[in-house]
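What the coordinates show
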Amino acid sequence: FEVGYAAAFECFTDVLESRKEGLGGSWFTAPGETSSDAFMRRIKKSDPAYEIYKAYATEHAERWAGAKALSMDEAIAQMPEIERKYQLECEEYGNVIFGLSDEFSAAAKLDAEQLAKLHDLGKLQPQLDSGAVVAIVDGAKVAKAEEVAKLVEGFESSKDKAVDAVMATKVTVLEKKK
């Protein structure tokens, strides 16, 4: 497998290098072209997601047009808020992925139901004590069945709220297609 992967990677880099010659030293963008323009040039107009990509590219350009450079001190001062927002985004991403993905949502639902059933039957605490079930929150082991049950219930609730919020979101591009 590794030899095949290396050969494929070598072919890929050869293709990229060959593009440089044809594009004046650039392999992704043509001279004077933005990365957004280069991406959009590669998308077929018949692609069902074309309008979504186009709207994203437009929004991206508008947001970056108003961007300003920060000094190092300004950037460091903003880091705690950025990290807080990043953590919230990661939590919401987990909620959405476990709520909307067919693959993940079925597994998450089954696991939550199994933990709830173990708790209801009084069998969760022995499972936690023996190490057959391990719950970790913020890097620390959760040892009490009641706390695990509350965490699972809270996860289910926040997952459902996140899915509802996503499903209620109106995307202008998609609304135009209806």
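To start, this report covers the structure provided alongside it. (Residues numbered from 1 in each chain as written. Predicted model: local features only at pLDDT ≥ 70, side-chain atom pairs only at ≥ 80, totals over all residues. Heavy atoms only, no water.)

**Comments concerning helix H5 (residues 102-120)**
Residues three or four positions apart in an α-helix share a direction because the helix packs 3.6 residues into each turn. Defined as follows: We count a stretch as a helix when DSSP gives it H or I for four or more residues in a row; a strand needs E for two or more, and each element gets its number in order from the N terminus. The span expected for a helix works out to 1.5 Å for each residue beyond the first. Exposure is judged per residue with a 1.4 Å probe applied to protein chains only, and the accessible area is read against the type maximum: over 50% gives exposed, under 20% gives buried, and values in between give partly exposed. This arc describes the spread of directions from the helix axis toward the C-beta atoms. Whether two residues touch is decided by their heavy atoms; if any such pair falls within 4.5 Å, the residues are in contact.
Taking 1.5 Å of rise per residue, the 19 residues of H5 would be expected to cover 27 Å, and the 27 Å separating its terminal C-alpha atoms lies within 8% of that figure. Inspection of H5 places Ser105, Ala108 and Ala112 among the buried residues, and these make up the whole buried set. Each buried residue of H5 lies within a common arc of 65° when the element is viewed along its axis, so the set occupies one face. For H5, the exposed residues set more than 90 degrees away from the buried face come down to Asp102, Glu103 and Lys117. Next to the buried residues of H5 lie helix H4 (72-100) and helix H7 (145-168). Trailing H5 by a residue or two, glycine 122 shows a phi angle of about 75°, which is positive.

**What about the nonpolar core?**
The condition is simple: Put simply, a nonpolar core is a bunch of buried Ala, Val, Leu, Ile, Met, Phe, Trp, Tyr and Cys residues held in one set by side-chain atoms that sit within 4.5 Å of each other.
If you look at the biggest cluster of nonpolar residues, it comprises nine residues: Ala112, Leu124, Leu128, Val133, Ala135, Val142, Ala145, Val148 and Val152. Every element with two or more residues in this core is listed here: helix H6 (124-130) and H7.

**Thoughts on a nonpolar patch on the surface**
Applicable threshold: Note that patches include only residues with greater than 30% relative accessible area and no salt bridge, and the join distances are 9 Å for like charges and 5 Å for nonpolar side chains (Val, Leu, Ile, Met, Phe, Trp, Tyr). Each accessible area is a Shrake-Rupley result for a 1.4 Å probe, and residues are judged covered by the shown protein chains and nothing else. Here, a salt bridge means any side-chain nitrogen of Lys or Arg that lies within 4 Å of a carboxyl oxygen of Asp or Glu.
A surface patch of nonpolar side chains, amounting to about 370 Å² of accessible area, comprises Tyr5, Phe9 and Phe12. Position of phenylalanine 12 among the secondary structure elements: in helix H1 (residues 2-22). Phenylalanine 12 sits in the partly exposed class, given a relative accessible area of 47%.

**Thoughts on the packing of aromatic side chains**
Basically, it comes down to this: By convention, a stacked pair of Phe, Tyr or Trp rings (six-membered ring in the case of Trp) has centres within 6.5 Å and planes under 30 degrees apart, an edge-to-face pair has planes over 60 apart, and any other such pair is tilted.
Summed over the entire model, instances satisfying the criterion amount to three aromatic pairs. When the centroid spacing of 5.3 Å and the interplanar angle of 80° are considered together, the rings of phenylalanine 39 and tyrosine 53 count as edge-to-face. In this pair, phenylalanine 39 sits in helix H2 (residues 35-42) while tyrosine 53 sits in helix H3 (residues 50-65), placing the two residues 14 residues apart along the sequence. Exposure remark for phenylalanine 39: the relative accessible area of 36% places this residue in the partly exposed category. The exposure class of tyrosine 53 is partly exposed, given its relative accessible area of 34%.

**A look at the pattern of salt bridges**
This structure, assessed with the given rule, holds six salt bridges. In this structure, the salt-bridge partner of glutamate 81 is arginine 84, at a minimum N-O distance of 2.7 Å. One end of the pair, glutamate 81, and the other, arginine 84, are both in helix H4, three residues apart, so they sit about a helical turn from each other. The shortest N-O distance in the salt bridge between lysine 159 and aspartate 160 comes to 3.9 Å. Residue lysine 159 is classed as buried on the basis of its relative accessible area of 7%.

**A few points about the environment of glutamate 17**
Tracing the sequence through the fold places glutamate 17 in helix H1. Taking the C-alpha atoms as reference points, glutamate 17 and valine 137, 120 residues apart in sequence, are found 47 Å from one another.

**Section: unusual backbone geometry**
In most cases, non-glycine residues show a negative phi, while peptide bonds are predominantly trans. The phi angle at aspartate 138 is positive, at roughly 50°, despite the residue not being glycine. In this fold, aspartate 138 is placed in the loop between strand E1 (135-137) and strand E2 (140-142). Taking relative accessible area as the criterion, aspartate 138 reaches 80% and is therefore assigned exposed.

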